[in-house]
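Chain by chain, the residues run as shown.
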Amino acid sequence: PVPTSPILTALFAPLLALRALLLFAQILPSSDSPEGSWATGAGGKRAPVEAPQRGLVHPDRPGYYFSNPKEYLGWYRAQHPEAADWPVVSVLLYRKHVVSELPYIPELVRHMEGQSLLPLPLFITGVDGHIAVRDSLTSQWETDQVLKGEIPRNPTLSPGAVNVDAVVSTIGFPLVGGPAGSMEGARQAELAKEILLAKNVPYFVAAPLLIQDIKSWFEQGIGGLQSVVLYALPELDGAIDTIPLGGLCCGDKAFCNKNRDLKDCTREAGEIRLVPERLLRLTSRIQKWTTLRKKEAKDRKVAVVLYGYPPGIGATGTAALLNVPRSLHTLLTRMKEAGYDVGEIPESPEDIVETVRVADEKSDSGRGYRDEEYKDKGGGSVTLDRLEDWMGKDDSKRVSKNWGGGLDRSGIRTVGSGSKAEFLLGGCRFGNVWVGVQPPLGVPGDPMRLLFERDMTPHPQYAAFYKWLENEEAGGGFGADAVVHFGMHGTEEWLPGTPLGNTGECWPDLLTGGLPNVYVYAANNPSESLLAKRRGYGTLVSHNVPPYSRAGLYKELQAMRGLLADYAEQEGRRRQRGETGAPSEEKADGFASTGSAASTTGGGIGAGAGGVTRAADFSQLDAEEGAPTTEGALLQTLFAAGLEADCPPPASAMEALQAAGGLDIGEKAVEAMAAHMVKEGLLDPYCEELKMYLAELETRLFSEGLHTLGSPPSTEALRAYLVAFFEDGSWETEGRGETGADAEVVMEGLEDDDGQRRPMPFPDSVLDMILEGKKEADVLSFRNDPAIPATG
C-alpha cells in the first residue's frame, strides 16, 4: 500500500523514489543503437544523429534537434504564420521517449496545434526540468518585474530563451530533480517555487500513466505510486490542473469498445496510448487560463459560488470558519480597485448575501419563472433543449435515467414540462460578476447517496447551473472566464466519478472541467481541499483560520462547576463535624425539609419522553415539594447539560434511577439516585471525575468567531490566541540569553483598545519569532521539551 496523505508521502518518499526508479528503468523504451535519432542521407540511407541532453523537436522536422527555443520558434512561425497569436506552451518531455520516437509525442503536438496552441516540445533527461524552465523559458511578466526591480535578473537565462504562456510537464515528480528529486518530499520545493514565481505562468502536469494501464484507471482511479508521481510530488511545487492523458494499453479491446472515450484502440498491450478526450480537456483548460491572463480586467466575467447547506435553515451564504458576507464584500471591493466591472456594490455586506438569498428562494419556489425583476437582477435560467444540447445525448440519458426518466421530471427547481421546461438557477449580477448559490444535492433523506454511488448523477438543475456558467452568453449562458468557490466547502468536487484521475465521464470534470476554478479554502483542512484541487480542478487560495482561545464554561456547565464547589464545601463541613453515612430518611426519599443552595443551579429536568426538556428554576418549587438537595441538584444539572454521555455515572446509580421511575418521574427519581450514590460512596469519586472533565473542557482551544478575507485578527483576538497557546508555563528562559523577568514581556506594537499593554507569558525573543512568521517547530524549540529539536 502507498500512503496518500502529504505527510506520509514525505515520510515514505525515499522508498517510493527507489521503487519509481526501478519501475521506470523497466518500462522506459531502450535501444541497442547509440542514443539518438536517424536522419536520411544520400541514397536514402539513414545516418545516426546524436541527441543533445536538452533540445526541442517537432514531427514536421524528423531527425532534427533544435538547440534552443528561439531557434525553434523562429522556424515554427515561418512554417505556420497563422500561429503568430497562438499562446506558446512549453511541453517538458522525457529525452528517452523522444530518441525512442514514441508515437504519443507527435500525437500530443498535433492535437495542441489543432486547438490553436503553439507547442514548444522541450525534452530533458528528467532530472534537469528546473534548469530548462529557469534558463530556457521566460515570460513577459519576468521581464517586466526585472525592469521594475521587483525580482533579480536571472544570470543564467539563455539568450535563446523565449516567452511562454504556460508550461506543461509530462514528467511528473518534483520539478527540481525529477525522479531523483523525490528522495525527500518537498526538499527543493522552495527552489521550484522561486523559479515558477519568476515566470508566473500556469504550470500544468499532464502525462500518460507509465506504471498503470488504462483499464485499471477507468475502473478504479489512479492509485499507488502513480498517484504520488503524478499528483502528490508536483503539487508540492505548485502544479495545477493535473490531467492524465492516457496510459499503458490494457489489451482488452472489449472493455475499450464499451467506453465512449476508448473506442477503436490501435495500440498493443503495454504500449502508451493517449485518450483524445483527455487531450481536449488539457488544451481547453490551457486556453481558458491563457485567455484569462490576456483579457482586460474590465472584460473578465467571474462567477462566485456560495453555499446554502443544509437547505431551508438560513444557511445561505455560509462557509466553515469564514465570514462570507464581509469576505465577499471585501473581494468585490478589491476587484473594483483592480479594474473589474462589479457594478454597484451594496454598502452593507449582509445586503449582498440577502439579495442572492432572495433570488435563490425564487428559483427554489418557482416564482422566478417569468419574473422580470428576477431576470433583471441576473437570475439565471436554462431551457431543457439547451441543457440537452450542452450536455450531449449520452450524458443527458445518464441524468434522465436517475431522475424520473426525463430531464424535466426531477421536480427540483424546474418549471414546465417537456421541451418547454426551464431550470431556474437563482443568482444576482453585479456588473461582470455573477453571484449564485450552489444547488442542493437533491436526494431527500439520503444526500450521501449522490456522493458515493458511482452510477448516480447530479440532478438536471445542478448540471444546468454549471453548464450555464461555462457556456457563452450569446448561446444562452453566462460565459464565465473563471469561477470562484467561496469557502469550505461545496459539493461539486464530491460528485460521482473515479476517486482520483478524472475521466470524461466523471461529473466534476463534466461540470467544471472547462473553467478555471479558484477555490477559497481554510488552511487547516488540506485533506478535503485536495479533493477540490484534484477532482474539481480547484486552484486553492488558502485563508487563515480564526484565532483560537480557551473555550471556558457557560450555562449548565458553569452551574455544574458551582454545584461541585458547593458539594465539596458541604462535605468539608460535614467531615469537620465528624458526620458520616447516608443522608436522613427524609432526604433519601428525595427532598430536604428546608432550603438549599440549589437555587443557584442552571440545570434541571422536566417530565416527558425520558429526556431533559428545560432548565428547572428550583427557587420556584412549591413548599409541598420542598427544595432539592445539593447532591440531587448536581445530578439534575448533569442530565440537563447532557454530561451523562461524556461522563457516565456508575451503573448501579443508573439502575437506582430507573428503579425510581427514571427521568420521566423527574426530580424525585434523581434524588433517589443521589441518595444511592452517597450511601454507596460513589458520589465523591464521580464528582472528582466531573471536575477533571470540566477542567479539560474549559481549557480546550476553539475557533473564536469567523475569519474575514484580507483582515488580520484584532489585537485582543491575537492576544487571546497567543496566551491560550503558550500559557502552560513550560517555557525555558534559563540558559538561552533570557532572564526570569523576560518570561513576562510587553507585546510591542499590539496594544489593547484602551491603549494599555499587558504582559505575555513567554520571552520576547519568542514573540519576535512569531511576528516574523517563523515556523511553529522553530518557535516551539524554545520550550523545555526534549521531543522538539533545538534551533540549529
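About the thresholds
- Residues numbered from 1 in each chain as written.
- Predicted model: local features only at pLDDT ≥ 70, side-chain atom pairs only at ≥ 80, totals over all residues.
- Heavy atoms only, no water.
- Helix = DSSP H or I, 4+ residues; strand = E, 2+ residues; numbered from the N terminus.
- Buried < 20%, exposed > 50% of the residue type's maximum accessible area, 1.4 Å probe, protein only.
- Contact = heavy atoms within 4.5 Å.
- Areas by Shrake-Rupley, 256 points an atom, 1.4 Å probe, with all protein chains shown as cover.
- Pairing = 2+ DSSP bridges.
- Axes fitted to C-alpha atoms, helices over the stretch in contact; angles between N-to-C directions.
- Salt bridge = Lys/Arg side-chain N within 4 Å of Asp/Glu carboxyl O.
- Disulfide = S-S within 2.5 Å.
- Parallel < 35°, antiparallel > 145°, perpendicular 65-115°, else oblique.
- Nonpolar A, V, L, I, M, F, W, Y, C, P; charged D, E, K, R; others polar.
- pLDDT = per-residue confidence, 0-100.
- Phe/Tyr/Trp six-rings, centres within 6.5 Å; stacked < 30°, edge-to-face > 60°.
- Lys NZ or Arg CZ within 6 Å of the ring centre and 35° of its normal.
- Polar contact = N/O pair within 3.5 Å; in protein donor to acceptor, adjacent residues only side chain to side chain.
- Expected span 1.5 Å × (residues − 1).

Draft legend 1. How the structure looks around the overall build of the protein. In terms of helices and strands, the protein carries 29 helices and 24 strands. Going through the 792 residues of the protein one by one, you find that 50% of them count as buried. Considering only contacts in the protein between residues 6 or more positions apart, those separated by 24 or more positions represent 72%. Summing over all exposed atoms, the protein offers an accessible surface of approximately 36400 Å²; the carbon and sulfur share of this is 52%.

Draft legend 2. How the structure looks around the sheet that holds strand 20 (residues 538-543). The strand order 16-17-12-18-19-20 describes an open sheet built from six strands, whose pairing is mixed. With one partner strand each, in any of the chains shown, strand 16 (428-430) and strand 20 form the two edges of the open sheet. Between one strand axis and the next, the sheet turns by 25 degrees as a mean value, whatever way the strands run.

Draft legend 3. Broad picture of the environment of Ser396. Within the fold, Ser396 resides in helix 16 (residues 393-402). Sequence-distant contacts of Ser396, that is, excluding residues within four places in its chain, are made with Glu388, Met391 and Leu407.

Draft legend 4. Representation of unusual backbone geometry within the structure. The peptide bond linking Met488 to His489 adopts the cis configuration, its omega dihedral lying at -15 degrees. Mapped onto the elements of the fold, His489 is located in the loop between strand 18 (482-486) and helix 19 (507-512). Although it is not a glycine, Tyr537 adopts a positive phi angle of roughly 55 degrees. Tyr537 gets classed as buried once you look at its relative accessible area, which sits at 1%.

Draft legend 5. Region of the structure containing the pattern of salt bridges. Going through the model one piece at a time under the given rule, you end up with 34 salt bridges. The partner of Asp371 in a salt bridge is Lys362, with the nearest N and O atoms 3.3 Å apart. With a shortest N-O distance of 2.9 Å, Arg575 and Asp684 are connected by a salt bridge. Here Arg575 is found in helix 21 (residues 555-576), whereas its partner Asp684 is found in helix 26 (residues 683-699), with 109 residues between them in sequence. A residue is classified by how much of its surface remains accessible, and Arg575, at 52% relative accessible area, is exposed. One salt-bridge network, in which partners are shared between bridges, spans Arg260, Asp394, Asp395, Arg398 and Glu505.

Draft legend 6. Summary view of the state of the cysteines. What the rule picks out here adds up to zero disulfides. Note on Cys256: no disulfide assigned, nearest cysteine sulfur contributed by Cys250 at a separation of 3.9 Å.

Draft legend 7. Expanded view of the packing of helix 15 (residues 384-391) against helix 18 (residues 460-470). Where helix 15 contacts helix 18, the two axes come as close as 10 Å, and the packing angle between them is 70 degrees. Looking at the two axes, helix 15 sits roughly perpendicular to helix 18. Of the residues in helix 18, those in contact with Leu387, Trp390 and Met391 of helix 15 are Pro460, Ala463, Ala464, Lys467 and Trp468. Each residue belonging to the contact of helix 15 with helix 18 can be placed in one class, and the counts come to seven nonpolar, no polar and one charged.

Draft legend 8. How the structure looks around the confidence of the model for the protein. This prediction gives the protein a mean pLDDT of 82; 78% of its residues lie at or above 70. Per-residue pLDDT stays below 50 along residues 581-626; that stretch engages in 83 contacts with residues further than four places along the chain or on separate chains. This model gives residues 731-750 a pLDDT under 50, and the stretch forms 51 contacts once residues within four places in sequence are excluded.

Draft legend 9. Looking closely at the packing of aromatic side chains. Tallying each qualifying case throughout the model produces 15 aromatic pairs. Ring geometry for Phe66 versus Trp75: centroids 5.2 Å apart, planes at 45 degrees, classification tilted. Here Phe66 and Trp75 have matching classes, each one buried. Members of the aromatic cluster, joined through ring pairs, are Trp434, Tyr462, Phe465, Tyr466, Trp468 and Phe478. Over the ring of Tyr64 we find Arg61, and its NZ or CZ is 3.8 Å from the ring centre. Over the ring of Phe478 we find Lys301, and its NZ or CZ is 4.8 Å from the ring centre.

Draft legend 10. Structural context of helix 5 (residues 129-136). Counting buried positions along helix 5 gives six out of eight residues, so the element sits mostly inside the fold. Taken as a whole, helix 5 has its buried residues at Gly129, His130, Ala132, Val133, Asp135 and Ser136. Buried-residue contacts for helix 5 involve helix 2 (69-79), strand 4 (88-94), strand 5 (118-124), strand 6 (137-138), strand 7 (162-163) and helix 7 (189-199).

Draft legend 11. Here's a closer look at the packing of helix 12 (residues 324-337) against helix 13 (residues 349-365). Look at helix 12 against helix 13: their axes get within 8 Å of each other, and the N-to-C directions meet at 100 degrees. With respect to each other, helix 12 and helix 13 are oriented roughly perpendicular. For the pair formed by helix 12 and helix 13, the contact residues are Pro325, Arg326, Leu328, His329 and Leu332 on the first element and Pro349, Glu350, Ile352 and Val353 on the second. Taken together, the residues of the contact of helix 12 with helix 13 sort by class into six nonpolar, one polar and two charged.

Draft legend 12. Representation of the environment of Lys691 in the model. Mapped onto the secondary structure, Lys691 falls in helix 26. Among the residues examined, Lys691 registers a relative accessible area of 32% and is labelled partly exposed. Not counting the four nearest positions on each side in its chain, Lys691 is found in contact with Leu564 and Ala568.

Draft legend 13. Focus on the side chain of Thr498. Note on placement: Thr498 falls in the loop between strand 18 and helix 19. With a relative accessible area of 0%, Thr498 lands in the buried category. Within the structure, Thr498 has its side chain in polar contact with the backbone oxygen of Gly501 (distance 2.9 Å). Setting aside residues no more than four positions away along its own chain, Thr498 makes contact with Trp217, Phe218, Gly221, Arg454, Thr503, Cys506 and Arg535.

Draft legend 14. Highlighting helix 11 (residues 276-294). The first and last C-alpha atoms of helix 11 sit 27 Å apart over 19 residues, in line with the 27 Å expected at 1.5 Å per residue. Arg278, Leu279, Arg281, Leu282, Thr283, Arg285, Ile286, Trp289, Thr290 and Leu292 are the residues of helix 11 that are buried.

Draft legend 15. Structural detail: the side chain of Thr290. Relative to the elements of secondary structure, Thr290 occurs in helix 11. Taking the relative accessible area as the measure of exposure, Thr290 reaches 3% and is therefore buried. One polar contact links the side chain of Thr290 to the main-chain carbonyl oxygen of Ile286, over a distance of 2.8 Å. Beyond its immediate chain neighbours, meaning those up to four positions away, Thr290 contacts Pro87, Asp165 and Ala166.

Draft legend 16. Geometry of the sheet that holds strand 9 (residues 203-213). Reading across from one edge, 3-5-4-8-9-10-11 is the order of the seven strands in this open sheet, with mixed pairing throughout. Both edges of this open sheet fall to strand 3 (55-56) and strand 11 (272-274), since each of them pairs with a single strand only. Sheet topology note: the strand 9/strand 10 (residues 240-248) ladder contains five bridges and is parallel. Bridge pairing in strand 10 links Ala207 to Pro244. Along the sheet, helix 11 contacts strand 4, strand 8 (166-169), strand 9, strand 10 and strand 11; its crossing angle with strand 10, the most-contacted strand, is approximately 160 degrees.

Draft legend 17. Inspection of the pairing of strand 9 at higher detail. In terms of residue burial, strand 9 counts as a mostly covered element, since nine of its 11 residues are buried. The sheet contact formed by strand 8 and strand 9 spans three bridges and is parallel. Looking at strand 9, one finds that Val168 is bridged to Phe204.

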